[in-house]
Amino acid sequence: MDHDFLYDGAPDPVLVDLGRNLFFDPILSGNRNISCGTCHDPAFGSGDGLALGIGEGGAGAGPQRVTADPVTGRVPRNAQPLWNIGARSYLSLFHDGRVEALQDLGPADKIRNPAGADLPADVSSPLAAQAFFPVTSPIEMAGQYGENPIANAAHHEKRQEIWDHLADQVADIPEYLRILRASFPEITDKEHVTYGHIADALAAFQTTAFRSDESPFDRVLRTGELSTLTQAAQDGLTLFYGAARCASCHSGPLLTDHKFHAIAVPQIGPGKGHGGDMSYLAATGLAGRMEDEGRNRVTGNPDDLFAFRTPSLRNVALTGPWGHSGAFESLEDMVRHHLDPLASLTDFNASDVALPSLNHVQRLGARGSQLRFVPLEVDRRYAFEMRDTWVMTSPQLRQRIADRNALSPMELTDQEIANLVAFLHALTDPTAVNRSHMIPASVASGLPPQPDRNH
Ligand code: HEC
Ligand code: HEC
């Protein structure tokens, strides 16, 4: 089993410890107010417990997070859980697989990614490649233009500048330089530290920290003995692998085929800023394309419209809200959606979903030839808030999602659905319920580790 994981499941403990520090250290964010751990909180199923989270500019942990400083919007997709993310079978990362090894852990130039050739050629794995990206996102970690040098570089998409700047910042801290030198023989001087080293440490940490294989289901896999599950979970398992055909997509030990399917999950939130629909701009005068077209954004293939990567169902009971935009607040509703996606999409009421309110919203304005951020005018507030429900309240846009649905309806009784949910609960590893012990009390930068339990 160990060899199914990066670093054969056992990366150098010094590297792991470096990664642990960096994962919870806000030093990797432009305004030094957020870490990877804020959105991938080990107390909240390695997500943030929110449908759509608040990136930099927020304060507080998990579902209690609120905006504290000016932000330009919310994170457009549900923070993915990181359980078993170090498994080598993860060749594609993100809901749309936009970081993807096109050949089994082949040379790095085979990793398709949003930065193209800017991504260093020697990046060690798709997981390490992924770690190059959150730091370049203004909403997630970099901050807004004018706030700090990283945010300014992010605004101009100068990714290399961001990575160099972060590597310098980390290497300037004697404790980090000491551990970096202990982990990488090629580092003898701080000039040798690159973001690639940081990414490698983050990948090593994630590989060990989020490994999770102590669920009742694992006992079944190891012993072949079903009787350790409750009767309901056994019946659910039989359905899952049988008549309900769940395992046609949620297959293998991680319960995912790592492929992309359109199953008409409703979209809430502002989307990824792509797609051709301009109706929001036309109606409100505010810039933005609201549709999240999923995998199509990566491949341009019409067959991939509104398709998202099949999520692993490991610890799924801990990782709500569910779906790529966190549209479903109950696991049962998420399961029921699969049984009649089109009816579920039609009945879905986007304004029922609880999202943290966005205070202190700012927008990009122009002063002469200079760009700067200004507070969003009170009378545009309503138009701004419509972003969260825009796609679902437009019959045309909703129809586009419906048109791609690949799941045919299936009738199950309430009892059968309850059994499926019982099986999903048997995928919960008790050691995964709360791993907040892994959050360090302090990190090498001296900044307060994030998530900050004191907020
Ligand atoms: C502001 C919240 C936020 C922060 C901060 C953040 N992430 Fe994420 N993470 C997300 C979201 C949202 C996604 C899914 C994004 C998508 O599909 O477009 C994601 C996806 C991922 C994935 C892909 C998981 C999968 O199943 O494919 C990994 C790995 C990951 N993040 C690691 C990190 C690391 C490492 C950092 C710090 C360098 C980090 N994240 C910082 C919110 C965050
Ligand atoms: C056609 C492939 C396919 C089949 C069959 C399928 N699923 Fe899914 N499932 C997906 C995809 C794709 C998603 C993510 C969709 C999205 O977020 O847009 C998903 C999401 C989920 C989620 C939410 C996970 C999360 O982390 O948000 C659960 C739970 C789930 N499926 C359970 C089931 C069950 C139970 C069955 C059988 C009744 C089933 N699935 C059948 C493809 C499938």
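No experiment lies behind these values; they were computed from the predicted model shown. (Residues numbered from 1 in each chain as written. Chains lettered and ligands numbered in written order. Predicted model: local features only at pLDDT ≥ 70, side-chain atom pairs only at ≥ 80, totals over all residues. Heavy atoms only, no water.)

### Regarding the overall build of the protein chain
Filter applied, for reference: Here a strand is any run of E in DSSP of at least two residues, a helix any run of H or I of at least four, and the numbering for each starts at the N terminus. A simple rule labels every residue: compare its accessible area, found with a 1.4 Å probe on the protein chains alone, to the largest value its type can have, and call it buried under 20%, exposed over 50%, or partly exposed in between. In this analysis, two residues are considered to be in contact whenever any of their non-hydrogen atoms come within 4.5 Å of each other. In these tables, accessible area is a Shrake-Rupley quantity obtained with a 1.4 Å probe, and a residue counts as shielded only by the protein chains included in the view.
For the protein chain, the helix and strand inventory stands at 18 helices and 9 strands. Along the longest, intermediate and shortest principal axes, the C-alpha atoms of the protein chain span 60 × 55 × 45 Å. Burial statistics for the protein chain: of 455 residues in total, 56% are counted as buried. Of all intrachain contacts in the protein chain linking residues separated by at least 6 positions in sequence, the fraction that spans at least 24 positions is 66%. Total accessible area on the protein chain stands at roughly 19200 Å², and carbon and sulfur atoms take up 52% of it.

### What about the nonpolar core?
Rules: The criterion is simple. A nonpolar core is a set of buried Ala, Val, Leu, Ile, Met, Phe, Trp, Tyr and Cys residues joined through side-chain atoms within 4.5 Å.
Grouped together as the largest cluster of nonpolar side chains are 68 residues, with contacts concentrated most on Leu-18, Leu-22, Leu-28, Tyr-195 and Leu-202. Considering every element that reaches this core, the biggest residue donor is helix H8 (residues 195–209), with 9 residues. Not counting chain neighbours up to four residues away, the residues in contact with Leu-202 comprise Gly-19, Leu-22, Phe-23, Leu-28, Cys-36, Ala-131 and Tyr-195. Membership of the second largest hydrophobic core comes to 57 residues, among which are Phe-306, Leu-331, Leu-420 and Phe-423.

### Side note on the domain arrangement of the protein chain
What counts is decided by this rule: For the domains described, the bounds stem from an automatic or database domain assignment. Buried surface area refers to the total accessible area, computed with a probe of radius 1.4 Å, that the two partners give up upon joining, counted for both partners together. Criterion for a salt bridge: a side-chain nitrogen of Lys or Arg within 4 Å of a carboxyl oxygen of Asp or Glu. Whenever two N or O atoms come within 3.5 Å, that pair is a polar contact, provided that in protein one can donate a hydrogen and the other can accept it, and provided that, for residues adjacent in sequence, both atoms are side-chain atoms. All residues other than Ala, Val, Leu, Ile, Met, Phe, Trp, Tyr, Cys, Pro, Asp, Glu, Lys and Arg, Gly among them, are scored as polar; the first ten of these are nonpolar and the last four charged.
The domain architecture assigned to the protein chain consists of domain 1 (2–46 + 81–212 + 432–438) and domain 2 (216–430). Here the C-alpha centre of domain 2 lies 25 Å away from the C-alpha centre of domain 1. Across the boundary between the two partners, domain 1 contributes 25 residues, which contact 24 residues of domain 2. Contact with domain 2 buries surface across domain 1, with Tyr-90, His-95 and Asp-96 losing the most and accounting together for 27% of the total. The interface formed by domain 1 and domain 2 contains 3 salt bridges. Our enumeration of links across domain 1 and domain 2 arrives at 12 residue pairs in polar contact (both at pLDDT 80 or more). Here the residues of the side of domain 1 that touches domain 2 sort into 10 nonpolar, 9 polar and 6 charged.

### Concerning the coordination of the iron atom of ligand 1
The cut-off we apply is this: Here the coordinating atoms are restricted to nitrogen, oxygen and sulfur within 2.8 Å of the metal centre, or 3.2 Å for Na, K and Ca, and because water is not among them the sites may look incomplete.
Protein coordination of the iron atom of ligand 1 is limited to a single donor, His-40 (NE2), positioned at 2.1 Å. Its place among the elements puts His-40 in the loop between helix H2 (36–39) and strand E1 (58–59).

### Details of the site of ligand 1
Spelled out, the test is: Proximity is defined per residue: if any heavy atom of the residue lies within 4 Å of a molecule or strand, that residue is considered near it.
Close to ligand 1 lie 25 residues; Cys-36, Cys-39, His-40, Phe-94 and Arg-309 are nearest. Within the backbone of Phe-94, one N or O atom sits 2.7 Å away from an oxygen atom of ligand 1. At a separation of 2.8 Å, an oxygen atom of ligand 1 approaches a polar side-chain atom of Arg-98. Counting only elements with at least two residues in the shell around ligand 1, the list comes to H2, helix H3 (126–130) and helix H4 (138–142).

### Considerations on the coordination of the iron atom of ligand 2
The line we're drawing: In short, tetrahedral needs four donors with all angles between 85 and 135 degrees, square planar needs four and octahedral six donors with opposite donors over 155 degrees apart and all other angles between 65 and 115, and whatever is left is irregular.
Within the protein, the iron atom of ligand 2 binds to His-250 (NE2) and His-338 (NE2); these donor distances fall in the range 2.1 Å. For the iron atom of ligand 2, the 6 donor atoms in the first shell make angles of 86 to 180° at the metal, a pattern classed as octahedral. On the criterion of sequence distance, the pair formed by His-250 in the loop between helix H10 (231–241) and strand E6 (260–261) and His-338 in helix H13 (residues 331–339) is long-range, its members being 88 residues apart. A residue is classified by how much of its surface remains accessible, and His-250, at 10% relative accessible area, is buried.

### Topic: the pairing of strand E9 (residues 370–375)
As a general feature of sheets, a regular strand has side chains that alternate between the two faces. Note the following rule: If DSSP finds at least two bridges between two strands, the strands pair.
Relative to E9, strand E8 (residues 362–367) is paired through 6 bridges, and the arrangement is antiparallel. Among the inter-strand pairings, Gly-365 is bridged to a residue of E9, identified as Arg-372. Adjacent in sequence and paired antiparallel, E8 and E9 are bridged by 2 residues, among which Gly-368 carries a positive phi angle near 60°.

### Description of the packing of helix H1 (residues 13–23) against H8
This is how it is decided: Each axis is a line fitted through C-alpha atoms, taken for helices only over the stretch in contact, and angles between the N-to-C directions span 0 to 180 degrees. Any angle that falls under 35 degrees is termed roughly parallel, while one over 145 is termed roughly antiparallel, one within 65 to 115 roughly perpendicular, and all others oblique.
H8 packs onto H1 with a crossing angle of 100° between their chain directions and a minimal axis gap of 7 Å. Relative to H8, the element H1 lies roughly perpendicular. In this structure, H1 uses Leu-15, Val-16, Leu-18, Gly-19, Arg-20, Leu-22 and Phe-23 to contact H8, whose residues at the interface are Ile-198, Asp-200, Ala-201, Leu-202, Ala-204, Phe-205, Gln-206 and Thr-208. Of the residues assigned to the contact of H1 with H8, the class counts are 10 nonpolar, 3 polar and 2 charged.

### Re the packing of aromatic side chains
Defined as follows: Between the rings of Phe, Tyr and Trp (Trp by its six-membered ring), a pair exists once the centres lie within 6.5 Å; its type follows the angle of the planes, with under 30 degrees stacked, over 60 edge-to-face, and the other angles tilted. Throughout this description, the term charge over a ring refers to an Arg CZ or Lys NZ atom that lies within 6 Å of the ring centre and within 35 degrees of the ring normal.
Under the definition given, this model contains 15 aromatic pairs. Aromatic side chains Phe-328 and Phe-348 sit 5.8 Å apart centroid to centroid with 70° between the ring planes, which places their arrangement in the edge-to-face category. Note that Phe-328 is positioned in the loop between strand E7 (308–309) and H13 and Phe-348 in the loop between helix H14 (341–347) and E8, a separation of 20 residues in sequence. Among the aromatic residues, those joined into a cluster by ring pairs are Phe-23, Phe-24, Trp-83, Phe-205 and Phe-210. One residue, Arg-211, lies across the ring of Phe-5, its end atom 3.8 Å from the ring centre. Here the basic side chain of Arg-295 rests over the ring of Phe-260, its NZ or CZ set 3.9 Å away from the ring centre.

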